[in-house]
Amino acid sequence: MITVWAALESMAARLACLHATDAEIAGLREIAAHYTRDAARANISEYSEANIAFHRTVLVLSRCARLVATAEGLFEHLKPVRRRALADRTRADRSVVDHMDIIRAIEARAAERAETLVREHTFRLHAYIRRSWRALTVGAALAEAG
């Protein structure tokens, strides 16, 4: 699911560079600007909602209704995963930095860069989940054996 999400949202970022107005991109920046690393860590639940709004906005700025609809179907399944991952302070910190880099690329209309940044951002989530789930699986197995 995360691989498909990465493909969809990275294409949305590319299309946003081509189709979004400066005012719409400023709105994306507004969503992200409320959260420094410290602010994201201080209120992780609120940041989680802003994170979701950020990603949905990137999709909408693509102006591709089919892409948005397809991503929304996946997004409902990924919401709990994203929220849990953001509870890790290092993930929240990285997310804040990544979002600002993505916004700068979209503002510059650097379509290839924006696409790459979104894909890398999503694959970092993928790697985090793999590491975390392995750790949970190993921990559960040790608890059962112990």
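This write-up is about the structure you can find in this document. Keep in mind that this is a model prediction, so the values were computed, not measured.

What follows is about unusual backbone geometry. A negative phi angle characterises most non-glycine residues, just as the trans form characterises most peptide bonds. Positive phi outside glycine occurs at Arg63, with the angle close to 60°. The residue Arg63 is located in the loop between helix H4 (44-61) and helix H5 (65-86) in this model. Overall, the relative accessible area of 46% leaves Arg63 in the partly exposed class. Although it is not a glycine, Arg109 adopts a positive phi angle of roughly 60°. Its location among the elements puts Arg109 in the loop between helix H6 (89-107) and helix H7 (111-145).

Here the focus is the nonpolar core. Trp5, Leu28, Phe54, Leu59 and Ile106 are the most contacted members of the largest nonpolar core, which has 35 residues in total. Looking at this core, the elements that each hand over two or more residues are helix H1 (2-19), helix H2 (22-33), H4, H5, H6 and H7. At 8 residues, the largest contribution of residues to this core is made by H1. Filtering out sequence-adjacent residues up to four positions away, Ile106 remains in contact with Ala13, Ala16, Cys17, Ile25, Leu28 and Ala114.

Now for the pattern of salt bridges. All chains considered together, the criterion is met by 8 salt bridges. Linking Arg14 and Glu115 is a salt bridge whose minimum nitrogen-to-oxygen distance equals 2.7 Å. With Arg14 in helix H1 and Glu115 in helix H7, this residue pair connects regions lying 101 residues apart in the sequence. Two residues, Arg29 and Glu107, come together in a salt bridge whose shortest N-O distance is 2.7 Å. With Arg29 in helix H2 and Glu107 in helix H6, the pair connects residues that are 78 residues apart, well separated along the chain. The structure contains a network of salt bridges with shared partners spanning Arg94, Asp98 and Arg124.

Further remarks concern the environment of Val97. As for its placement among the helices and strands, Val97 is situated in helix H6. Residue Val97 is classed as partly exposed on the basis of its relative accessible area, which comes to 22%. Residues Val97 and Tyr35, spaced 62 residues apart in sequence, show a C-alpha to C-alpha distance of 9.9 Å.

Conventions we followed
- Residues numbered from 1 in each chain as written.
- Predicted model: local features only at pLDDT ≥ 70, side-chain atom pairs only at ≥ 80, totals over all residues.
- Heavy atoms only, no water.
- Helix = DSSP H or I, 4+ residues; strand = E, 2+ residues; numbered from the N terminus.
- Buried < 20%, exposed > 50% of the residue type's maximum accessible area, 1.4 Å probe, protein only.
- Core = buried A, V, L, I, M, F, W, Y, C linked by side-chain atoms within 4.5 Å.
- Contact = heavy atoms within 4.5 Å.
- Salt bridge = Lys/Arg side-chain N within 4 Å of Asp/Glu carboxyl O.

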